[in-house]
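If you want the building blocks of each chain, they are given just below.
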Amino acid sequence: MLGRISLGTLGLTIGTILTITGFVAYFVDNATLNLVGFFYGFPLLLGGLALKANELKPVPFSQTSTPSILELRKQQATVTQTKIRKDITRNCYGQKAHLDVALAYLGLSPTDDARPIVTGLRETEINGAYTLILEFDSPLITFDTWQQKQEKMTKYFGPDVEVSMKQPREDYIELTLMKTLT
């Protein structure tokens, strides 16, 4: 819940209110409110601006998860699937892109410009297993390169996860992380 709140927007809003209150208090001779506005409002305003400049927006769900899929998630989702879903659906600060470290480790991010970008995600059920599908815009990394990394991805995304991918259209990759049923 808190990850979906933009700390930059919160800092800007509270900082602006306190700073304006401080300026108004200065002109009506209220020293206490004047100090609050300048000593708390202005730093909050600057902090909010800094956070806003480094904010990475959450990745949207491309399809709404049905109640049956949400129940399946509760029952079957692996730690890795849960961590990825929570990480990319919240505001992040100081990162260049969602999953940038994972993509670099997997050899799918030779440069910042060539890095595939997560554009959406969806949850589904395949053969009774909870499945998380990550949608990437990948104009500079070919589908063949993605396929060559499949074994490394399987090890990286951990136990109990089967990794597969497909290319439904050019420059677009769907990475499927399916819970393995044993």
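Residues numbered from 1 in each chain as written. Predicted model: local features only at pLDDT ≥ 70, side-chain atom pairs only at ≥ 80, totals over all residues. Heavy atoms only, no water.

A. Up close: the environment of Val101. With respect to the helices and strands, Val101 occurs in helix H5 (residues 100-105). The spatial distance from the C-alpha of Val101 to the C-alpha of Leu140 is 18 Å, given a sequence separation of 39 residues. (Helix = DSSP H or I, 4+ residues; strand = E, 2+ residues; numbered from the N terminus.)

B. Here's a closer look at the nonpolar core. By size, the foremost hydrophobic cluster in this structure holds 27 residues, and its most contacted members are Leu99, Leu134, Phe136, Trp146, Met153, Phe157 and Leu175. When contributions to this core are tallied by element, the ones reaching two or more residues are helix H3 (67-76), helix H4 (79-88), H5, strand S3 (117-126), strand S4 (129-137), helix H6 (143-148), strand S5 (161-169) and strand S6 (172-179). Examining the composition of this core, we find that four residues originate from one element, S4, more than from any other. Other than its neighbours up to four places away in sequence, Trp146 contacts Leu103, Leu108, Pro116, Phe136, Ser138, Ile141, Met153, Met165, Ile173 and Leu175. (Core = buried A, V, L, I, M, F, W, Y, C linked by side-chain atoms within 4.5 Å. Buried < 20%, exposed > 50% of the residue type's maximum accessible area, 1.4 Å probe, protein only. Contact = heavy atoms within 4.5 Å.)

C. Representation of unusual backbone geometry within the structure. Although it is not a glycine, Asp160 sits at a positive phi angle of roughly 65 degrees. Summarising the element assignment, Asp160 is placed in the loop between helix H7 (150-156) and S5.

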